[in-house]
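Below are the chains, spelled out letter by letter.
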Amino acid sequence: MLRIENLTKVFGRTVALDGLNMTVEAGALYGFVGPNGAGKTTTIKTVIGLLAPDDGRVLVNDIDVAKEPDRVMARIGYVPDAFGVYDNLKVSEYMEFFASCYGLAGLKARKRGQMLLEQVGLDDKADFYVEGLSRGMQQRLCLARALIHNPPVLIMDEPTAGLDPRTRYEFKEILKELRNQGKTVLISSHILSELAEICTDIGVIDQGRMVFEGSMEEILAQINVASPLLISVSGNRQKALELLRAHPEVETVTIREEEIAVGFSGDKRDEETLLKQLVEAGVNVYGFVRERGNLESVFMQITDHSGEEVVLLHED
Amino acid sequence: MRINPIYRQESRAGARSFKLPLIILGFNSVLAVVALLYMDSMIAQVRLTAEIQYSSFLGLYSFVTTMEFVLLLFVVPALTAGAISGERERQTLDLMLTTRLKASDIVAGKLVQGLSTVFLLIVSSFPILGLVFIYGGVTMADVGLMLLCYVVTSVLLGSAGLFCSAAARRSTRATVAAYSVLVLLTAGTLMVNYLAEGLGTMPQGNGAADWPLYLLLCNPAATFQTILNSQMGSGSGLTVIFPQLERITEIGFVGRYWWPVSMAVQLLMAAVFLWGAVRKTRPAGRGRRPR
Ligand SMILES: Nc1ncnc2c1ncn2[C@@H]1O[C@H](COP(=O)(O)OP(=O)(O)OP(=O)(O)O)[C@@H](O)[C@H]1O
Ligand SMILES: [Mg+2]
């Protein structure tokens, strides 16, 4: 549905996007995650044609944005990170205004506006002034506005920033509903775990490059690899450390109070072998378990560009 | 007829704000006070000398129209300079640009919005302008031509304001830029003439050159003054600051048809400004030819 190929964007001396590739399948709810300044907003603005890329291209439904922006715009609903609102305009008028920007007018536009306000739970606020709405309500209004022309693709830039947990929850419910309607949704965020429950796919961007892209299952599988093995030994600790440091799949070794935390890249099978090797070498192992990982630690690991820390641990 | 959505939205929101009534009130108050003071002094003169000079009645016309013209000069940039930069500051420009609206629709909507306010100002000043008919001596055609001059001036300054608004990131800068354009067009072209005259009349000079006069074609105030001169005879309105206009009849065709030619020039400039405004509003990712 949405394909980004080798997208590059340079602002002066900052390389905001550095050959970014990305694929969003039709019907996916795609979580676009990255730390501050990773290039999420830049990517999104390029997709909707607000920024011109220095290289690469964006295809929506196989239509090139640079060549046929109008056709692409008709297919995309956009919710920016700062949702623009007007003074002296009521919620229903706000919807009507944007409907008219898409050439929709009259009863049809009003009905569609009403329907969308209902969908986001703002139907009782139709006569309120937009600037008087709370942040969460403005957010939902902005979502309703983006859907006014019934686009198959919805792109949202950090929509959950600044929302309380309850509003966040409601927002996710709306997203699920949209997915059930068959819309393709791209949603950016800093927080991977926040998207985990609802997203089908995840793309992690860092310093303008896609560092991980795959389905939710794939990233969950990475959790195990990402979190360390916790090995508890009694007595002959030095022996264990020697063996671990020499092991090809051991990446880091950290000594904690009771246990040794080992960054281990192997799978279950390799864990078995490691344990066997330790025991055979005469190490008394009384604990051998993977730390329960979470998404944030995966995220931190993927987007970690301080390799020095890892080296330090090796010296230890 | 499909009404430009931006114009519709703006006028709805505008109708709810205090800004528009305040502008109308301020504009007409200044105009009314000036006109009444003039009439008062005129009548005091009559009481004093017991003789009525018909020319002083005509003076009312030049006085009121000049005042209104000067007010327009100052109001129009203020009305348009924030139009597009304001949308940008409110982050709504990006939203509009991702709809089916084109940059040209947005600029057109903003221009119509600004001009409709100007139109409202002019129409609301009709009663004051009507004072000049009390004593006669002025025809409807005279007033009509004057209104045409107002409209052309507003289109020029409005377009310049929109261009500044589209080019500047912030509304404050856009406003400063719009007034700079105003100063350049009015005082700037005039200064060039004074300078050229000064150089021309120096001992080794060879008289005032003609070319600086053509610069005055861009000057809406010069157009206004020419029209007033043709209606009232020279010496009225802004004549003091435009002595050059006495010479324009010497420069052939352009001089003979000064006001239509200058209006054409100014509308052309307006078109260029609008074209620039559309270019500056259009997002970077659009309108590029595929490589
Ligand atoms: N208009 C601009 N001019 C100069 N640099 C820019 C501009 N826009 C973005 N950048 C730079 O490009 C990089 C990527 O910015 P971008 O806004 O895309 O990040 P982001 O992932 O959206 O971050 P955040 O999570 O903070 O919103 C940053 O280093 C930023 O400083
Ligand atoms: Mg951002």
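Residues numbered from 1 in each chain as written. Chains lettered and ligands numbered in written order. Predicted model: local features only at pLDDT ≥ 70, side-chain atom pairs only at ≥ 80, totals over all residues. Heavy atoms only, no water.

### Thoughts on the environment of Q207 of chain A
Residue and element names in this part refer to chain A. With respect to the helices and strands, the residue Q207 is situated in the loop between β9 (201–206) and β10 (209–215). Looking at Q207, the relative accessible area reads 48%, which means it is partly exposed. Along the primary structure Q207 and D87 are separated by 120 residues, whereas in three dimensions their C-alpha atoms are 37 Å apart. (Helix = DSSP H or I, 4+ residues; strand = E, 2+ residues; numbered from the N terminus. Buried < 20%, exposed > 50% of the residue type's maximum accessible area, 1.4 Å probe, protein only.)

### Re the confidence of the model for chain B
Averaged over every residue, the pLDDT of chain B is 86; the share at 70 or more is 93%. Model confidence for the complex is summarised by a pTM of 0.83, with the ipTM given as 0.82. (pLDDT = per-residue confidence, 0-100.)

### A short note on the interface of chain A and chain B
Contacts between chain A and chain B engage 36 residues on the former and 29 residues on the latter. Note on chain A versus chain B: buried area summed over both sides is about 2,900 Å², and carbon and sulfur give 56% of it. Taken together, the links from chain A to chain B amount to 5 salt bridges. Note that E93 of chain A and R16 of chain B form a salt bridge whose closest N and O atoms lie 2.7 Å from each other. Between the two partners, chain A and chain B, sit 8 residue pairs in polar contact (both at pLDDT 80 or more). Examining the composition of the side of chain A that touches chain B, we find that 7 residues originate from one element, helix α3 (residues 91–101) of chain A, more than from any other. (Contact = heavy atoms within 4.5 Å. Buried area = accessible area lost by both parts, 1.4 Å probe. Salt bridge = Lys/Arg side-chain N within 4 Å of Asp/Glu carboxyl O. Polar contact = N/O pair within 3.5 Å; in protein donor to acceptor, adjacent residues only side chain to side chain.)

### Things to note about the packing of helix α3 (residues 54–80) of chain B against helix α8 (residues 140–167) of chain B
Residues and elements named next belong to chain B. Direction vectors running N to C along α3 and α8 enclose 20°, while the axes themselves pass 8 Å from each other. The orientation of α3 relative to α8 falls into the category roughly parallel. Judged by the twist between their axes, the crossing of α3 over α8 is right-handed. Contacts between α3 and α8 involve Y61, T65, E68, F69, L72, L73, V76 and T80 from the former and D142, V143, M146, C149, Y150, T153, S154, L157, G158, G161, L162 and S165 from the latter. (Axes fitted to C-alpha atoms, helices over the stretch in contact; angles between N-to-C directions. Parallel < 35°, antiparallel > 145°, perpendicular 65-115°, else oblique. Left-handed = near helix turned anticlockwise from the far one by under 90°.)

### What to know about the sheet that holds strand β8 (residues 184–189) of chain A
Residues and elements named next belong to chain A. Pairing in this open sheet of 6 strands is mixed, and the strands run β6-β7-β8-β3-β9-β10 from one edge to the other. For this open sheet the edge positions go to β6 (76–79) and β10, each flanked by a neighbour on one side alone. With strand direction ignored, the average angle separating the axes of adjacent strands in the sheet is 15°. Across 4 bridges, strand β7 (residues 153–156) lies against β8 in parallel orientation. The partner of I155 across the bridge, within β8, is L186. Set on the sheet, helix α5 (residues 135–146) makes contact with β6 and β7; between it and β6 the angle comes to about 160°. Strands in contact with helix α6 (residues 165–180) are β3 (29–33), β7 and β8; relative to β7, the strand with the most contacts, it is inclined by about 155°. (Pairing = 2+ DSSP bridges.)

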